[in-house]
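The primary structure of each chain is shown beneath.
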Amino acid sequence: MGEEAINAIDDADDAPAAPTPTSTPSNNSENNEVVSEAASNFSLTVSNGPRGHLARIRCVARFPVAPETIFAVLTNADNAGVFRDVADCCSREILSEEPKGNRSQNRENSVALLRVVQVEQLGKVRLGGPGPLGREVTFRTELRVTEDAREGPEKFSTRFELLRSDVLSTFDGTWTLETKVEEGHSEITTTVATLEQDVTPKGVPRWLKFVPLAGRAIKGACAGAVRRMVEDLASVADAVALEGKTLVSVLEECRRRARKGKGEKKKEEEEVVVAAG
């Protein structure tokens, strides 16, 4: 994967073709229809959330790099260029941290074994599909994130809790990143990443998850968002593992592309205003 590996990070149109979701209704009394997706490096399911939540997500993904590399991407202060659904990282405030250590050498910032931060992000979603009829809508989300490197380098985790959002009432979950050594190849280390998350869109009644068509559509949207995130992480991991790039250089390239994209979008908007005038 060459230049395309990084292009896929910022341009959803260049991303790998999405696997076809499959729905499997279970036989429980809650009519819990499960939407599932799978590809060569991940599998995920979205089912009815526990009481008070609309959807429960579980995803297991595999990346050809050590866990500290994926941890470094997830906890980077400016990772908007990596994830196509994040338009901007607006602010990041460190609330608390335990003494610094040297277990995770790939992080750009100074390393704390346990850090709690408050993050505000500008998310984006496209409504109406591709083409001139579609439009991009942005929304703000503020999270409290606990970054745990105390068991590194074998295991890392990030736990995120929603504080406020324009479009979400629940967005809580945990990424757990664990080392896996390839059988028969002790020198090859990969990461098994597990995401467990509860999601509820704001203003959507929780009973809607029991309505087959509506529930399936919401779960499908959740599955698509997670799939895109896994694809974006995989693009960075492949650039490091297969192309021999450093993580710092890959993240910087992502930022440059994000800045270029913002500049082109602003220019297009200015041209539309001029044309309308």
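A. Main features of the pattern of salt bridges. What the rule picks out here adds up to 18 salt bridges. As a salt-bridge pair, Arg115 and Glu97 come within 3.0 Å of each other at their nearest N and O atoms. On the criterion of sequence distance, the pair formed by Arg115 in strand S6 (residues 114-127) and Glu97 in strand S5 (residues 86-97) is long-range, its members being 18 residues apart. Classification of Arg115 as buried rests on a relative accessible area of 3%.

B. Summary view of a nonpolar patch on the surface. A surface patch of nonpolar side chains, about 290 Å² in accessible area, is lined by Trp207, Phe210 and Val211. Residue placement: Trp207 occurs in the loop between strand S10 (189-201) and helix H3 (212-241). When its relative accessible area of 54% is taken as the criterion, Trp207 is described as exposed.

C. Broad picture of the packing of aromatic side chains. Counted according to the given criterion, the structure contains two aromatic pairs. Each ring, one from Phe160 and one from Phe171, has its centre 5.6 Å from the other, and the planes form 40°; the classification is tilted. Linking Phe160 in strand S8 (residues 155-165) with Phe171 in strand S9 (residues 168-181), this pair joins segments that are 11 residues apart in sequence. Classification of Phe160 as buried rests on a relative accessible area of 9%.

D. Focus on the nonpolar core. Phe63, Ile70, Val73, Trp175, Leu177, Val230 and Leu233 are the most contacted members of the largest nonpolar core, which totals 51 residues. The element contributing the most residues to this core is H3, with 11 residues. Setting aside chain neighbours within four positions, we find Val230 in contact with Asn41, Phe42, Cys59, Ala61, Phe63 and Trp175.

E. Structural detail: unusual backbone geometry. Residue Gly152 is joined to Pro153 through a cis peptide bond whose omega torsion reads 5°. Take Pro153: it is sitting in the loop between strand S7 (135-148) and S8.

Calculation rules
- Residues numbered from 1 in each chain as written.
- Predicted model: local features only at pLDDT ≥ 70, side-chain atom pairs only at ≥ 80, totals over all residues.
- Heavy atoms only, no water.
- Salt bridge = Lys/Arg side-chain N within 4 Å of Asp/Glu carboxyl O.
- Helix = DSSP H or I, 4+ residues; strand = E, 2+ residues; numbered from the N terminus.
- Buried < 20%, exposed > 50% of the residue type's maximum accessible area, 1.4 Å probe, protein only.
- Patch = residues over 30% accessible without salt bridge, like charges linked within 9 Å, V, L, I, M, F, W, Y side chains within 5 Å.
- Areas by Shrake-Rupley, 256 points an atom, 1.4 Å probe, with all protein chains shown as cover.
- Phe/Tyr/Trp six-rings, centres within 6.5 Å; stacked < 30°, edge-to-face > 60°.
- Core = buried A, V, L, I, M, F, W, Y, C linked by side-chain atoms within 4.5 Å.
- Contact = heavy atoms within 4.5 Å.

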